[in-house]
Amino acid sequence: MSAFDHALLQSGIKVVVVDDDRLQRAYISAILRKLGYEPHEADNGDTALRLMTDLNVQILICDLDMPGLDGIELTRRIRAKQTGFYIHILMVTGRNQRPERERALEAGVDDFMAKPLDTVSLTARIRSVRRLIEHEEILAERERNLVAAKERIESDLRAAADAQRRMLPDPLVQIGRCRFHSALLASNFLAGDMFGYFELAPGFLGLYAIDVAGHGVHASLMSVALGHMLTAELFRQRALDAQGRPDPAALVRFLNRHFWRSDGEEYFTMFCAVLDQGADTLHFCQAGYPSGFMLGPGGACHPVGRGGYPVALMPDVDFETDRIEFPSDHLLVLVSDGALEAEDAAGRPFDDHGVQAFLTATDRKASEIPVQMRNALLQWRGGAQLEDDLSIVVCERMRAA
Amino acid sequence: MIKVKQGGDGQICVVDPATDRLTAANATTFKDEMWQLIDKGEYRLVVDLTGVSFVDSSAIGALVGVLKRLGNRGEIVVCGLSGSVEKMFRITRMDKVFPTYRDSAAAAAALSERL
């Protein structure tokens, strides 16, 4: 007995043998047992089918001619079933049953043996099946490993996405007489969007929104680095000049120097602002980020900003600080380009017009804008996932107490 | 992916990205193929965006990557900007970085004047 057959003895693979001829069944079973298999006999097709299912059998040896369910019909029924593994079917036929063999092949039989059956041909065929089963097991093992690896990676990504989301402000934050409402929707697990706001000095707030180019791990790592770096302290140092006057472009210049690399292509767009509440003035630097919207009472809505270079894309470009009036009871709405670029089923982008139409459609409550806009975009997409990360930040100035 | 529509003889080379959308999905391929053109000695490049209806931030990154590779050896210009592509160029000021022309004929004419 070869080492191969010994291995089979260990595993005791089940084989269903179906034949209406008792002697023929016993003969086949005896050979199989000798080869180390575990035969289960059936004298008709229905019993064989039940045994196959109950015992999860991978190999069937069946006679072609049987009363009731014949070999071909039995094969059809087996092939019609959903199993997690392949069932190998060997059929025993008469020497001159060529047309029947053709039909049997079409029904899904894998190989044939001619009557009278001899030990040599059965042994050869069963070994061939065994090789196939072993190969399937290797493939299945490989697939299990891939599935496990994929689950591990996805779980890591979820953990990273959680860590990143924890860096974002809560959906509602109140700082002094300003309320910030926000929502983030990542296109896949990880977003390249980051935003934040904080008090810089009494009456002065710093706020920013960032969108790192690209998506996924790569974009997320940079956005987390920026999230850690952009603190109230850095704003105080870099976004206020020596006299304490707001100059957010100075902060953006600093970031451009800090992140630009001659050999890299990572960059981000940013809306960087300082709000002087006493003077009702927003000082802002728009660095490639989409224009914001200033929403007044009664539905007046104006775009904020005329564009500007992105950050860390080019070394020697200048950034400017612009100023606009931002009275109390007005809202500033910042939306990342995931919203503007979101296309409907016909390929039309939601665009600035979509955002503006949304903002002015009804008298929106600031607190409801982020969630309502996210829903409007999902509806625009017709249920399809967004292709880019989306963040919505609403800065609401409250009336003086 | 890119198609050289005109030139390719070291003079003026008009390139069609041959895609409707230049995005994260194909921007790297676009950049690599443009780099190959530069490495073959094509230093006067026109990127014809007539057939492109959408570019994202990765596409902008790729175009700037081409500009970096080219350095001061030559010039790269764009033409055929429309709709959201034109808006993207305006908002990110790329219209100040890349000279823009109405169509490839105007772009090629402008480049040959500077030859």
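Here the structure is a predicted model, which is why all the values come from computation and not from measurement.

Caption draft 1: Inspection of the overall build of chain A at higher detail. Each helix and strand counted, chain A has twelve helices and 16 strands in total. On C-alpha atoms alone, chain A measures out to a radius of gyration of 35 Å, which is more than a quarter above the 21 Å that the 2.2 N^0.38 rule sets for 401 residues. Seen through its principal axes, chain A has C-alpha atoms that stretch 105 × 45 × 35 Å. Across the 401 residues of chain A, 51% fall into the buried class. Put simply, chain A shows about 19,100 Å² of open surface, and 51% of that area lies on carbon and sulfur atoms.

Caption draft 2: Looking closely at the overall build of chain B. If you tally the helices and strands in chain B, you get five helices and seven strands. Starting at the N terminus and walking to the C terminus, you meet the elements of chain B as β-β-β-α-β-β-α-β-α-α-β-α. In terms of overall dimensions, chain B has C-alpha extents of about 30 × 25 × 25 Å along its principal axes. Expressed as a percentage of its 115 residues, the buried residues of chain B come to 51%. By sequence separation, contacts in chain B at least 24 residues apart represent 72% of the contacts at least 6 residues apart. For chain B, the accessible area works out to roughly 4,900 Å², and carbon and sulfur atoms hold 48% of it. Of the side-chain charges in chain B, 15 are positive and 14 negative, and the distance between the mean point of each set is 5 Å.

Caption draft 3: Representation of the side chain of A:Ser182 within the structure. All names here are of chain A. Here serine 182 lies in strand 7 (residues 178-185). Classification of serine 182 as buried rests on a relative accessible area of 9%. With near-sequence residues (within four places) excluded, serine 182 lies in contact with Pro169, Asp170, Pro171, Phe195, Tyr197, Pro370, Ile392 and Val393.

Caption draft 4: The arrangement of the sheet that holds strand 5 (residues 111-114) of chain A in detail. Residues and elements named next belong to chain A. Sheet architecture is open: five strands sit in the order 2-1-3-4-5, paired in parallel fashion. Only two strands of the sheet have a single neighbouring strand rather than two, namely strand 2 (38-42) and strand 5. For this sheet, the mean inter-axis angle between neighbouring strands, taken without regard to orientation, is 20 degrees. With four bridges joining them, strand 1 (residues 14-18) and strand 3 (residues 59-63) adopt parallel strand pairing. Pairing of valine 15 across the sheet is with isoleucine 59, part of strand 3.

Caption draft 5: A look at the interface of chain B and chain A. Every contact between the two is made by 24 residues of chain B and, on the other side, 27 residues of chain A. Both sides together, the interface formed by chain B and chain A hides about 1,800 Å², and carbon and sulfur atoms give 52% of it. Three residues stand out in chain B for area buried against chain A, namely B:Lys68, B:Ile91 and B:Arg93, and they jointly supply 33% of the buried area on that side. Joining chain B to chain A, the criterion identifies five salt bridges. Of the charged contacts, one joins B:Lys87 and A:Asp352 as a salt bridge, the two residues approaching to 3.5 Å between their closest N and O atoms. Seen at the junction of chain B and chain A, the total is eight residue pairs in polar contact (both at pLDDT 80 or more). Contributing elements (two or more residues each) for the side of chain B that touches chain A: helix 1 (27-39), strand 5 (54-55), helix 2 (57-70), helix 3 (83-91) and helix 4 (94-97) of chain B. Sorting elements by how many residues they give to the side of chain B that touches chain A places helix 2 of chain B first, with eight residues.

Caption draft 6: Summary view of the pairing of strand 16 (residues 390-397) of chain A. Residue and element names in this part refer to chain A. Judged by how many residues are buried, strand 16 sits mostly within the fold: eight of eight residues are covered. In strand 16, alternate side chains face the same way, and those of Leu390, Ile392, Val394 and Glu396 on one face and Ser391, Val393, Cys395 and Arg397 on the other are all buried. Across eight bridges, the pairing between strand 7 and strand 16 is antiparallel. For phenylalanine 180, the partnering residue across the bridge sits in strand 16 and is cysteine 395. Inspection of the sheet shows strand 15 (residues 331-335) paired to strand 16 by five bridges, in the antiparallel sense. Bridging across to strand 16, valine 335 finds its partner in isoleucine 392.

Caption draft 7: Spotlight on empty space enclosed by the protein. Counting across every chain of the model gives three cavities of 30 Å³ or more. The calculated volume of the largest cavity comes to roughly 90 Å³. Surrounding the largest cavity, A:Phe284, A:Cys285, A:Gln286, A:Arg306, A:Gly307, A:Gly308, A:Tyr309, A:Asp318, A:Phe319, A:Glu320, A:Asp322 and B:Arg93 form its lining. The element best represented in the lining of the largest cavity is strand 11 (residues 281-287) of chain A, accounting for three residues. Grouping the amino acids of the lining of the largest cavity by side-chain chemistry returns four nonpolar, three polar and five charged.

Caption draft 8: Fine view of the packing of aromatic side chains. A full pass over the atoms with the stated rule returns nine aromatic pairs over all chains. An angle of 25 degrees between the planes, with centres 6.4 Å apart, marks the rings of A:Phe195 and A:Tyr197 as stacked. In terms of burial, A:Phe195 and A:Tyr197 fall into one category: buried. Summarising the aromatic geometry, the rings of A:Phe259 and A:Phe268 are spaced 5.7 Å apart at their centres and angled 90 degrees between planes, so their arrangement reads as edge-to-face. The same class applies to A:Phe259 and to A:Phe268, which are both buried. An aromatic cluster is present here, built from A:Phe180, A:Phe195 and A:Tyr197 joined pairwise through their rings. Here A:Arg364 stacks its cationic end above the ring of A:Phe358, 3.8 Å away from the centre of that ring. Positioned over the ring face of B:Trp35 is B:Lys31, at 4.6 Å from the centre of the ring.

Reading the values: rules and limits
Residues numbered from 1 in each chain as written. Chains lettered and ligands numbered in written order. Predicted model: local features only at pLDDT ≥ 70, side-chain atom pairs only at ≥ 80, totals over all residues. Heavy atoms only, no water. Helix = DSSP H or I, 4+ residues; strand = E, 2+ residues; numbered from the N terminus. Rg over C-alpha atoms; globule rule 2.2 N^0.38 Å. Buried < 20%, exposed > 50% of the residue type's maximum accessible area, 1.4 Å probe, protein only. Areas by Shrake-Rupley, 256 points an atom, 1.4 Å probe, with all protein chains shown as cover. Contact = heavy atoms within 4.5 Å. Lys, Arg positive; Asp, Glu negative; His and termini not counted. Charge placed at Lys NZ, Arg CZ, Asp CG, Glu CD. Pairing = 2+ DSSP bridges. Axes fitted to C-alpha atoms, helices over the stretch in contact; angles between N-to-C directions. Buried area = accessible area lost by both parts, 1.4 Å probe. Salt bridge = Lys/Arg side-chain N within 4 Å of Asp/Glu carboxyl O. Polar contact = N/O pair within 3.5 Å; in protein donor to acceptor, adjacent residues only side chain to side chain. 1 Å grid on protein atoms, 1.4 Å probe; cavity = no way out; pocket = protein on both sides within 12 Å on 5 of 7 lines; lining within 4 Å. Points joined across faces, edges and corners; volume = space filled by probe spheres on them. Nonpolar A, V, L, I, M, F, W, Y, C, P; charged D, E, K, R; others polar. Phe/Tyr/Trp six-rings, centres within 6.5 Å; stacked < 30°, edge-to-face > 60°. Lys NZ or Arg CZ within 6 Å of the ring centre and 35° of its normal.

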